[in-house]
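# Structural overview for review
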Amino acid sequence: MIELLNVSKTYRLKSGRKTVLNGVTTRLPWKNTAILGRNGAGKSTFLRLISGIEEPDSGIVRRNKSFSWPIGFRGSFSPALSGLENVRFVARIYGQNTEELVDKVEDFAELGDFFYEPVRTYSSGMGARLAFGLSMAIKFEVFLVDEVMAVGDAKFQAKSKAAFKAMLPTSRIIMVSHSMQSLLEYCECGLVIEDGRMTYYNDVKDAIKRYHELNA
C-alpha cells in the first residue's frame, strides 16, 4: 500500500530543529491502520507526507494506491474562490467529471447559497463541511483521517459517518485520533511514532497499549 525508505523529516523551531522522522523505513499493509503517538510526535505530519502535501527532507515515499488528502483538510482551498470554483479546480486535478463532482459536493455539504460565495466568508464549520463533502465525493483507495470523522450538527454527523462507512468495503483508512474507541472501531493494526521512530503492530490493541505506556 505504502512504503517509506529511509525517510527523514524535520521542522525549524525557535529552539532548534524538531525531528519528526529519523531515517524511517517501513511498509504499511492493505489494512485499516491507526497512527498513534504523543502530542507533537508527528502524526499529522506523517499523514501529510504520505498524502503528498509535504515532501520529506530525505528518503523516498512510495505509493501504489490513490490517497486522499487528510479528511477535513482545507489548506488547498483558495479563499478568494467560491466553494463551487474550488470544487471545480479539485475535479480537474483529480481527473473527475466536473459537474458530477459539483452536484455531489453541493448536495452533501448543505451550504446553500454559501456554496457560491468566497471560501473566506465561511465559518470554520462550513469550510470543514465543504472539505468533508469533497473527500467523500471522490473514490479514493485510501482515506486519511486526522481526528475529523464528522462535522456539523447531529444530523450532519450521522450523514457523514454513514457516507464514510459506505467507503470501507472497497477502501482502507489510515487514522489519527485521540479517541481509542474510534481506533478500535475502524482499525486493525497500528503504527506508533516515538522520538523519530515508527513501530508497527499487527494488532491495534498492542499499538494502543504502547501509546498508553508512553503517556503514563
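Right, let's walk through the structure included here. Everything numeric here is computed off the predicted structure, so don't read it as measured data.

### As for the overall build of the chain
Along the chain, the regular secondary structure elements total 7 helices and 9 strands. Computed over C-alpha atoms, the radius of gyration of the chain comes to 18 Å, within 12% of the 17 Å expected from 2.2 N^0.38 for 216 residues, which places it in the range of a compact globule. Considered along the principal axes of its C-alpha atoms, the chain spans approximately 50 × 35 × 30 Å. Across the 216 residues in the chain, those meeting the buried criterion constitute 49%. In the chain, the share of contacts with a sequence separation of at least 24, taken over all contacts with a separation of at least 6, comes to 65%. When the accessible area of the chain is evaluated, it comes to approximately 10,700 Å², of which 48% is carbon and sulfur surface.

### Some details on the packing of helix α4 (residues 124-137) against helix α5 (residues 154-167)
Where α4 meets α5, the axes come as close as 10 Å, and the angle between the chain directions of the two elements is 25 degrees. One way to sum up the angle between α4 and α5 is to call them roughly parallel. The chirality of how α4 crosses α5 is left-handed. Judged by residue contacts, R129, F132 and M136 of α4 engage F156, S160, A163, F164 and M167 from α5.

### With respect to unusual backbone geometry
The phi torsion at N6 lies on the positive side, around 50 degrees, for a residue other than glycine. Locating N6 in the fold gives a position in strand β1 (residues 2-13). N6 sits in the partly exposed class, given a relative accessible area of 49%. Backbone geometry at D195 places phi at a positive 55 degrees, although glycine is not the residue there. Of note, D195 is situated in the loop between β8 (189-194) and β9 (197-201). Of the residues examined, D195 reaches a relative accessible area of 56% and is grouped as exposed.

### A word on a nonpolar patch on the surface
Side chains of F89, I93 and Y94 sit close together on the surface and give an oily, nonpolar patch of about 300 Å² of accessible area. Inspection of the secondary structure assignment puts I93 in helix α2 (residues 83-93). Residue I93 is classed as exposed on the basis of its relative accessible area of 53%.

### Quick word on the layout of surface pockets
Leftover empty space is mapped by rolling, across the atoms, a probe with the size of a water molecule. Taken as a whole, the largest pocket encloses approximately 210 Å³ of empty space. For the largest pocket, the lining is made up of 12 residues, of which W69, S76, V90, I93 and Y94 are closest to its centre. Going through the elements one at a time, β5 (67-71) and α2 are the ones with two or more residues in the lining of the largest pocket. Here the element with the most residues in the lining of the largest pocket is α2; it accounts for 3 residues. When the residues that make up the lining of the largest pocket are grouped by side-chain class, the tally is 10 nonpolar, 2 polar and no charged.

The rules behind these values
- Residues numbered from 1 in each chain as written.
- Predicted model: local features only at pLDDT ≥ 70, side-chain atom pairs only at ≥ 80, totals over all residues.
- Heavy atoms only, no water.
- Helix = DSSP H or I, 4+ residues; strand = E, 2+ residues; numbered from the N terminus.
- Rg over C-alpha atoms; globule rule 2.2 N^0.38 Å.
- Buried < 20%, exposed > 50% of the residue type's maximum accessible area, 1.4 Å probe, protein only.
- Contact = heavy atoms within 4.5 Å.
- Areas by Shrake-Rupley, 256 points an atom, 1.4 Å probe, with all protein chains shown as cover.
- Axes fitted to C-alpha atoms, helices over the stretch in contact; angles between N-to-C directions.
- Parallel < 35°, antiparallel > 145°, perpendicular 65-115°, else oblique.
- Left-handed = near helix turned anticlockwise from the far one by under 90°.
- Patch = residues over 30% accessible without salt bridge, like charges linked within 9 Å, V, L, I, M, F, W, Y side chains within 5 Å.
- Salt bridge = Lys/Arg side-chain N within 4 Å of Asp/Glu carboxyl O.
- 1 Å grid on protein atoms, 1.4 Å probe; cavity = no way out; pocket = protein on both sides within 12 Å on 5 of 7 lines; lining within 4 Å.
- Points joined across faces, edges and corners; volume = space filled by probe spheres on them.
- Nonpolar A, V, L, I, M, F, W, Y, C, P; charged D, E, K, R; others polar.

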